[in-house]
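Residue-level structure breakdown
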Amino acid sequence: MTGKFVDQQMYTRERGGIFHETDGYDTIAISAGLDKAFVKKYLHPFCSYSAPKVLTERGEMEASLFPEAVTIFQPESGELVIGQAIFVPADFTGTRSTYFMHNYIIPSAIKDEWIKQPAKLFQINEFATSYDVGLGKVLPEREVVGFDDRDILSVKDELLEVLGIGEVQFKQLLLAVMSSIAGKKKVFISLNVPLQDYSKYAMQLLELIYLYLPYAHRRKLGAMTFSSEPEGKKYIHVMFFEPGTLNYGDRSMAKQFIFDFAEGRVSGVNINGEWHEYLEFAFHHFSKSKNVSNFLDFAESMLSGLEEEQQLELTSYHQLTAIYLTLNYEDIPYYKNNKIGFLQSLHKFLAVNSEEKPDLVELFFHLLKGEKVASNKNMALDYIDAVVSINTILRCDEAIFFMIETLKYYQNDRLFHKLWKVIEQDKLSHQEILIYFNNNSNYGGLLEQYFLEWFKPFVSVEDILNELKLLAHSPYLLSIEKFKSVSIKRIASAISNESNPFTSLLAVKDFNLGLHSPEFDEFKNDMLKHALASLLRTINVMDVTLSDVIAFGEISSNVEEWEDAKGQENYLVMIALYELFSNPANANAYDLKSLTGESRQQLRNILRKLFRSNPISMYFQLLFIAFGSEYKGVNYQGLLDYLSRLGHDKTMYSFVLENARLIDTDRAYKRALKKYFIKHPQSIWKNKTLRKELKLIKNYSIRNFLKEVESETTSPLIKFLKRYGLTLSFLVVILGLGTGIWFGFFHDGKPKVQKPSETVTANNPGKKTATEEKKKTTSTKKTGLGENKKDTFTHLKSFKASTSGADGQTFKLDLAGKQVKNIIGQAHPNGSSTLVMTDKSGTEWQLHLATEPEDTPFDDNGKLKKGYSFYGLEHNFSKDEIPELVLVATNKATHSYIWIFPVNSSGPMNELKLLPPLLSEKDFSDVQLEENKLILSQGDQDLTFEYSSDKQSFVAQKK
């Protein structure tokens, strides 16, 4: 009900009513504004009267002997219902007894007026005892209901004495009623008074109990002043029952609160030896209604916003009693006796609507001012915990300064760090204190002491970085200088103890929390700088691996100032190593002058060590530095001995092939190489298989060199025969016959000359000779009219063009050739680029394009210049079944470049090997390939180059 008037309902046995036209019990009259559904759902279940058994058993019909039964209940819809049922000896027929009930329904809008003035509820003097149905079925709404205004507190002692209820029993009764309202147990009471006065005393006792109930409990209380026996009913918490009717054998009753004052028995509650602040305070201090209202109003304001469960629990009222008495009577020792509990109580009530509770806030400030510091060591942690909790609500300077003073007090005590752990639970309190300390130089020592302990459990770089992830949620730490300095020191210290410091250094470099701020960037750079310095100061560079060098190169931190010379020298050595290994093709151009003589020698030793673990051709150029010297150039003899000691003939073979140009340009190299070939016990020249492969190499320098080696290792007799030719063969034969030696030049007195085709066939039966193959190919060509005749020219437009590269590539050229699969422009982290060729077996080779530094299609980093395109194909100029590789770079406007590389596949294990270019030309408008010719169009003229099998090179043709 939502109105501001009190509705009425009357119920009895009559000739028809509101809901039934037949004779029987029904509502006979209601207020017009009363919802009939509400009447049927909530009022009808309580419209009853349970007459005393002792009277019904003897057939008593005298109405004055029967007690009234007053019912109070409050359904979940919010209304307050109070009604009175009385015994009626005869109904409308005059033949049987009945009862009459009159209910007042107080709407929720005005319910609090009745709740806060108990006399209006318990002293109503306008209950009807009958109704003339002739007056109609509509009852008026009441604005006022008459009641007596007797002060129940004035007769409290007399009432309790009449009922035989002592102080302890009354406190137990009050506790039971509050517990019943907050829980599920019921309170059953019997009084040792005459039955005709039973309801009167029950109402007085109820009113007294009600007066002591907090408002939250009053808003839920339901009670019945008389029932012939105890029974549980919905919405009813307290029921007065007829004495002598309680069955103590009923197990369900044993679980309830029983106050059988008529029999002198109480069960279900016992407060002997216990101290209940609220019960004590209420019983002794609520001598006047004004005192009651003051406390209950205070309690309600303190409980505002809290959950109903907290508003109903008895503990809340014990806590509020202590706070109320401390506020009003400062000498009350509730706080001193239980400081932690008291602060926890303040936190509980300040947690919601704290701005509406200024008294509690002032009390908190007053307590902190009196304490100054949490000096009791036994409770300091709990006290600070309570202060921190309250500060999460109030956010006040008083709490912050109290925490600061307490930290100072315990700075030399083990409790210091435990206090910090408590404060850390509230990020804002933690932040304010750190910032305060940071802004006041006097507290620098405290901060450093705190952060050193903070990072103490974290030993590894990984652990420290994981801890630093808190910066994502606490960026304010970046403003704390001591935090940053201690963090950096711990990282630097951890780096020096890592088993893999370069990997850890990369982790520092990659540390990222998504904090895009100058403060974080500066902190990270400083951390990386100091970590790098620590690493370089402590490592032995002779122990680094190639992966360490690569990892070092990925760290873009420049260290400008060094604490010691060792760190600086190690830095320069590591930088040099990275530069050399990331761009080995240009190793000879690298300037080592920035290194001291000792560091240069150290660098050479490291290069030798690293190459031993990575003996691949792309690092061959590094060996010239590894075996360089300060004044005498490269120690080629030592280099070759070193390669030989590696025990990899294949590596030595590749090295000789890769550096064929040095044979003609560097006499010292040629001299050392010849000495190695001729005199070294592990020389690859002494390996028959490799000697054969060396002789098959299509390179003039190597062929001429091998001829010299062969000449110097040939026996004097063979040299003599080669010098004077076959004219001396007869002499040789005679000498041979005389000595029993047969050279095989003659057979049956005739010279025998073996044809090349016969040699092939003999060595490989079933395999056709090259001549036979050529004849077969020629015979299968069709040249008749209408038959397909292939165009013998290949133009540039027929070349395969490169495409844009993926990650880590500048471009990609898919040749899908017989020998070469693809070529990519490979980008490196330092900005440089190399050309990498992949052969038919999947092996990768570095491709060097000979160009002049000032005239090249590539920029300083080795990347193809803007506007240039790259093309390529395979073409067999040499007609030896192994096509050459033709590459073209052009901007299609002003500049074009072409390179032709021979490909050798007769190396160890038939491995593919790209030799130095046969031809390198530039500036042409078109390219034509025909058989063994290369034609470059330059304006109106064509420049023709023809491949010479004898010279194994291209020869320019005269016009």
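See the structure shown above.
Report follows, based on the coordinates. (Residues numbered from 1 in each chain as written. Predicted model: local features only at pLDDT ≥ 70, side-chain atom pairs only at ≥ 80, totals over all residues. Heavy atoms only, no water.)

Another aspect to go through is the overall build of the chain. Broken down by element type, the chain carries 39 helices and 30 strands. Looking at the chain as a whole, 48% of its 959 residues are labelled buried. Of the contacts formed within the chain by residues at least 6 apart in sequence, a portion of 61% connects residues at least 24 apart. Only carbon and sulfur atoms are counted for the fraction: they give 49% of the accessible area of the chain, which is about 48,600 Å². (Helix = DSSP H or I, 4+ residues; strand = E, 2+ residues; numbered from the N terminus. Buried < 20%, exposed > 50% of the residue type's maximum accessible area, 1.4 Å probe, protein only. Contact = heavy atoms within 4.5 Å. Areas by Shrake-Rupley, 256 points an atom, 1.4 Å probe, with all protein chains shown as cover.)

Attention now moves to the sheet that holds strand 5 (residues 98–106). In spatial order, the strands read 6-2-1-5-4-3-8-9-7-10-11; together these 11 strands make up an open sheet with mixed pairing. Strand pairing shows two members of the sheet lacking a second neighbour, strand 6 (138–139) and strand 11 (265–267), which therefore form its edges. Here strand 4 (residues 80–88) runs beside strand 5; their pairing, made up of 9 bridges, is antiparallel. Each bridged residue has a counterpart across the sheet, and for G83 the counterpart in strand 5 is N103. Here helix 7 (residues 198–212) sits on the sheet and contacts strand 3 (69–73), strand 7 (187–190), strand 8 (223–227) and strand 9 (238–241); the angle it forms with strand 8, its principal contact strand, is near 155 degrees. (Pairing = 2+ DSSP bridges. Axes fitted to C-alpha atoms, helices over the stretch in contact; angles between N-to-C directions.)

Taken in spatial order, the 5 strands make up an open sheet running 15-21-22-23-26, and their pairing is antiparallel. In this open sheet, the two strands that pair with only one neighbour each are strand 15 (800–801) and strand 26 (919–922). Relative to strand 21 (residues 869–875), strand 15 runs antiparallel, the two being bridged by 2 bridges. Bridging from a neighbouring strand, A801 pairs with Y871 of strand 21.

In this section: the environment of H347. Within the secondary structure layout, H347 lies in helix 15 (residues 339–350). Once the C-alpha coordinates of H347 and A386 are considered, the two residues, 39 residues apart in sequence, prove to be 7.6 Å apart. Apart from residues no more than four positions distant in its own chain, H347 is found in contact with S389, I390 and I393.

The tendency in soluble globular proteins is for nonpolar side chains to be buried as a group. Of all hydrophobic cores here, the largest spans 229 residues; its most connected members are L191, Y278, L346, F364, L577 and F677. Top element by residues in this core is helix 7. It accounts for 11 residues. Beyond its immediate sequence surroundings of up to four residues, L191 is in contact with L163, Y198, Y201, A202, L205, F240, P243, F261 and A262. (Core = buried A, V, L, I, M, F, W, Y, C linked by side-chain atoms within 4.5 Å.)

Between its first and last C-alpha atoms helix 28 (residues 597–613) spans 25 Å; for 17 residues at 1.5 Å apiece the expected length is 24 Å, and the two agree. For helix 28, every residue scored as buried is listed here: S599, R600, L603, R604, I606, L607, L610 and F611. Each buried residue of helix 28 sits inside an arc of 165 degrees when the element is viewed along its axis, so together they form one side. Counted as exposed and oriented over 90 degrees from the buried face of helix 28: E598 and S613. In this structure, the buried side of helix 28 is in contact with helix 26 (546–553), helix 27 (565–582), helix 29 (620–626), helix 30 (636–645) and helix 31 (649–658). (Expected span 1.5 Å × (residues − 1). Arc of directions from axis to C-beta.)

Any two side chains of opposite charge can pair, given that their charged atoms come close. One pass over the full model with this rule turns up 26 salt bridges. Across the salt bridge formed by K377 and D413, the nearest N and O atoms sit 3.0 Å from each other. Of this pair, K377 sits in the loop between helix 16 (358–371) and helix 17 (380–394) while D413 sits in the loop between helix 18 (397–409) and helix 19 (415–423), placing them 36 residues apart in sequence. K377 sits in the partly exposed class, given a relative accessible area of 48%. Residue classification places D413 among the partly exposed residues on the basis of a relative accessible area of 24%. Close ionic contact of K408 with E405 constitutes a salt bridge, the shortest N to O distance being 3.7 Å. Of the two residues, K408 and E405 both sit in helix 18, 3 residues apart, roughly one turn of that helix. Assessed through its relative accessible area of 29%, K408 is described here as partly exposed. Through salt bridges with shared partners, a single ionic network connects D112, K116, R219 and E300. (Salt bridge = Lys/Arg side-chain N within 4 Å of Asp/Glu carboxyl O.)

Before going further, it helps to spend a moment on the side chain of T321. Mapped onto the elements of the fold, T321 is located in helix 13 (residues 314–328). Within the structure, the side chain of T321 is placed 2.6 Å from the backbone oxygen of Y317, a separation counted as a polar contact. Contact partners of T321, with chain neighbours within four places excluded, come to E277, Y278, F281 and F295. (Polar contact = N/O pair within 3.5 Å; in protein donor to acceptor, adjacent residues only side chain to side chain.)

Negative charge collects at one region of the surface, where D359, E362, D397, E398 and E432 lie side by side. Sorting the residues of the negative patch by element identifies helix 16 and helix 18 as the ones contributing at least two each. Looking at the element boundaries, E432 is found in helix 20 (residues 427–439). (Patch = residues over 30% accessible without salt bridge, like charges linked within 9 Å, V, L, I, M, F, W, Y side chains within 5 Å. Lys, Arg positive; Asp, Glu negative; His and termini not counted. Charge placed at Lys NZ, Arg CZ, Asp CG, Glu CD.)

This part is about the packing of aromatic side chains. If you walk through the whole model with that rule in mind, you get 62 aromatic pairs. A cation sits over an aromatic face here: K156 above F283, 3.8 Å from the ring centre. Between the NZ or CZ atom of R608 and the centre of the ring of F627, over which it lies, the distance is 4.1 Å. (Phe/Tyr/Trp six-rings, centres within 6.5 Å; stacked < 30°, edge-to-face > 60°. Lys NZ or Arg CZ within 6 Å of the ring centre and 35° of its normal.)

Let us look at the side chain of E79. Here E79 is to be found in the loop between strand 3 and strand 4. Despite its burial, E79 pairs with no opposite charge; the closest candidate is K111, at 7.5 Å N-O. At a separation of 2.3 Å, a polar atom in the side chain of E79 contacts the side chain of S77.

Moving on, we come to helix 34 (residues 688–695). Buried within helix 34 we find L690, E693 and L694. Axial view of helix 34: buried residues confined to an arc of 105 degrees, hence all on one face. Structural note: helix 34 exposes K688 and K692 on the side pointing more than 90 degrees away from its buried face. On its buried side, helix 34 packs onto helix 31, helix 33 (667–679) and helix 35 (700–713). By the N-cap criterion, in which a side-chain oxygen at the helix start approaches the backbone nitrogen of a residue two or three places on, helix 34 is capped by N687, the distance to T689 being 3.1 Å.

Another aspect to go through is the packing of helix 18 against helix 20. One can describe the packing of helix 18 onto helix 20 by two numbers: an axis separation of 10 Å at closest approach and a directional angle of 65 degrees. Relative to helix 20, helix 18 is oriented so that their crossing is right-handed. Counted together, D397, I400, F401, M403, I404 and L407 of helix 18 and S429, E432, I433, Y436 and F437 of helix 20 form the full contact between these two elements. Classifying every residue of the contact of helix 18 with helix 20 by side-chain character gives 8 nonpolar, 1 polar and 2 charged. (Left-handed = near helix turned anticlockwise from the far one by under 90°. Nonpolar A, V, L, I, M, F, W, Y, C, P; charged D, E, K, R; others polar.)

Attention now goes to the environment of G341. With respect to the helices and strands, the residue G341 is situated in helix 15. Using a relative accessible area of 16% as the deciding quantity, one classes G341 as buried. In the structure, G341 is positioned 45 residues away from A386 in sequence and 9.0 Å away in space, judged by C-alpha atoms.

Right, let's talk about unusual backbone geometry for a bit. Positive phi values are uncommon outside glycine, yet N353 reaches one of about 55 degrees. Given the relative accessible area of 26%, N353 is considered partly exposed. One non-glycine residue, R395, lies in positive phi territory at about 50 degrees. Accessibility expressed as a relative area gives 32% for R395, which makes it partly exposed.

Interpretation note: all reported values are geometric properties and have no functional meaning in isolation.
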